[in-house]
Amino acid sequence: MADNKKVWLITGSSTGFGRSLTEAVLKHGHRVVATARKPEQLSDLVDQYPETAKAVRLDVTNTQQVHDAVKSSVDAFGHIDVLVNNAGYGTIGALEEVSEEAIQRQFATNVFGALNMIKAVLPGLRQQRSGHILNISSVGGFVSFAGTGIYCSTKFALEGLSEALSKEVAPLGIKVTIIEPGAFRTDFNGRSLATPEHLIDDYASTSGEFLKWIRETDGTQPGDPDKAAQAMIQAVESHNPPLRLALGADALHLISEKLSSVKAEMEAWKQVSINTAFEGLEVGAIGG
Ligand SMILES: NC(=O)c1ccc[n+]([C@@H]2O[C@H](COP(=O)([O-])OP(=O)(O)OC[C@H]3O[C@@H](n4cnc5c(N)ncnc54)[C@H](OP(=O)(O)O)[C@@H]3O)[C@@H](O)[C@H]2O)c1
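These numbers were taken from a predicted model, which means no experiment stands behind them. Going along each chain's sequence as written, the residues are numbered from 1 onward. Two thresholds apply to this predicted model, a pLDDT of at least 70 for residue-level local features and 80 or more for giving and counting side-chain atom pairs, whereas whole-chain, interface and lining totals are computed over all residues. Derived side-chain values reflect all non-hydrogen atoms in the structure, with water molecules and hydrogen atoms excluded from consideration.

(A) Region of the structure containing the environment of Phe142. By the element assignment, Phe142 lies in the loop between β5 (131-136) and α5 (149-169). Classification of Phe142 by relative accessible area gives buried; the value is 18%. Whether two residues touch is decided by their heavy atoms; if any such pair falls within 4.5 Å, the residues are in contact. Sequence-distant contacts of Phe142, that is, excluding residues within four places in its chain, are made with Phe156, Glu159, Glu180, Arg244, Ile255, Lys258 and Leu259. Secondary structure elements follow DSSP: runs of H or I no shorter than four residues count as helices, runs of E no shorter than two count as strands, and numbering proceeds from the N terminus. Relative accessibility under 20% of the residue-type maximum defines a buried residue, over 50% an exposed one, and the middle range a partly exposed one, all with a 1.4 Å probe and only protein chains included.

(B) Summary view of the site of the ligand. Being near a molecule or strand, for a residue, means having at least one of its heavy atoms within 4 Å of it. Near the ligand there are 28 residues, and of these Ser14, Thr15, Tyr151, Thr186 and Ser192 occur at the shortest range. Thr15 places a polar side-chain atom, nitrogen or oxygen, 2.8 Å from an oxygen atom of the ligand. Here a polar contact means two N or O atoms within 3.5 Å. Within protein one must be a hydrogen donor candidate and the other an acceptor candidate, and residues neighboring in sequence count only if both atoms are side-chain atoms. Val60 places a main-chain nitrogen or oxygen 2.9 Å from a nitrogen atom of the ligand. Methods summary: accessible areas were calculated by the Shrake-Rupley approach with a probe of 1.4 Å, and residue burial reflects only the protein chains presented. About the coverage of the ligand: the protein hides 95% of its 890 Å² of free accessible area. Of all the secondary structure elements, the ones that give two or more residues to the shell around the ligand are α1 (16-27) and α5. Residue classes follow a fixed rule: Ala, Val, Leu, Ile, Met, Phe, Trp, Tyr, Cys and Pro count as nonpolar, while Asp, Glu, Lys and Arg count as charged, and any other residue, Gly among them, counts as polar. For the shell around the ligand, the class distribution of residues is 10 nonpolar, 13 polar and 5 charged.

(C) Expanded view of the nonpolar core. By size, the foremost hydrophobic cluster in this structure holds 27 residues, and its most contacted members are Leu9, Val121 and Ile133. Among the secondary structure elements, those contributing two or more residues to this core are β1 (7-10), α3 (63-77), α4 (100-128), α5 and β6 (174-181). Here the element with the most residues in this core is α4; it accounts for 8 residues. For Val121, the contacting residues outside a window of four places in its chain are Leu9, Val70, Ile80, Leu83 and Ile133. We define a nonpolar core as any set of buried Ala, Val, Leu, Ile, Met, Phe, Trp, Tyr and Cys residues linked to one another through side-chain atoms lying within 4.5 Å. If you look at the next biggest cluster of nonpolar residues, it comprises 26 residues, including Leu26, Leu45, Ile179 and Met232.

(D) Representation of unusual backbone geometry in the model. The backbone of Arg129 shows a phi angle near 60°, a positive value even though the residue is not glycine. Here Arg129 is to be found in the loop between α4 and β5.

(E) Expanded view of the sheet that holds strand β3 (residues 53-57). The pairing criterion for strands is at least two bridges between them, as found by DSSP. Taken in spatial order, the 7 strands make up an open sheet running β3-β2-β1-β4-β5-β6-β7, and their pairing is parallel. Two strands lie at the open edges of the sheet, namely β3 and β7 (244-247), each paired on one side alone. Going across the sheet, the axis of each strand differs from the next one's by a mean of 20°, ignoring polarity. Bridge analysis of β1 against strand β2 (residues 31-36) gives 4 bridges, and the strand direction is parallel. Note that in β2 the partner of Leu9 across the bridge is Val33. Only C-alpha atoms enter the line fits that serve as axes; for helices the fit covers just the stretch in contact. Angles between N-to-C directions range over 0 to 180 degrees. Along the sheet, helix α8 (residues 249-268) contacts β6 and β7; its crossing angle with β7, the most-contacted strand, is approximately 125°.

The values reported here are purely geometric and, on their own, carry no functional implication.
Given below as structure tokens:
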């Protein structure tokens, strides 16, 4: 196997981005540990690529399965080069409408699942002084909308930990990239969508409208997951991969709009911000 052929470990390979990426990475000749809650959904890929594809059962909320998946990857291919934290779904509804249990489940998958995967692969990546972690966030990891407070807070959390992690592991030869897709045609708006059991009329014109939009656009989203997969591979193959990679003109537009509005607001309130230190102190950046 040539040196540029990497070992990828991908979560949520059954459908959507995970499936597209698994197929694309295999086509590129890399080795892949594709994981799914129902690994039998991946048997066609293992049949097609018996030497380079391995299917492993993985529910990212199951800590034992997380460790077993990492061990299976190392047993099968010797090491891991790229971890893709893709498994995730969206809970859409106003903050007040989403049950405590649904919130816990959302964080268990989108945040703690990814975090456990990261912690499980890091010892190996540190030892080999190389590796790349791709965390599939969302445009909703940078911008929040009515009806997405729970989902976006999981993706904001993922972005916060990714940003810190990138700085901790850069000196160790490990890269981190946050992927921020806009609307892509996967199962996200359909079978994977989680919604509140009880809707509150007062949120019909805010959160309710967003939920309506999500449902109505299922199957007609502009983003092509196969093209997203190519973009992710390009980022991994780049000598200078980005910390953040927005996917889709919609994502790019919304993120740019937020950057401008945050900048304008910070400028407008600049003096109020500055005038909060003890008299005579010059304040620099936190953490030196
Ligand atoms: N599509 C979009 O517009 C969009 C935009 C921004 C971000 N994203 C993000 O993209 C990622 C992938 O979603 P997708 O769009 O490709 O939707 P998808 O087709 O519904 O795929 C979601 C994947 O996550 C898996 N999954 C969910 N919970 C899991 C768990 N506890 N353990 C293991 N796997 C689990 C699903 O497995 P099962 O088949 O077993 O359910 C499935 O493989 C998610 O993190 C999502 O937040 C999507």
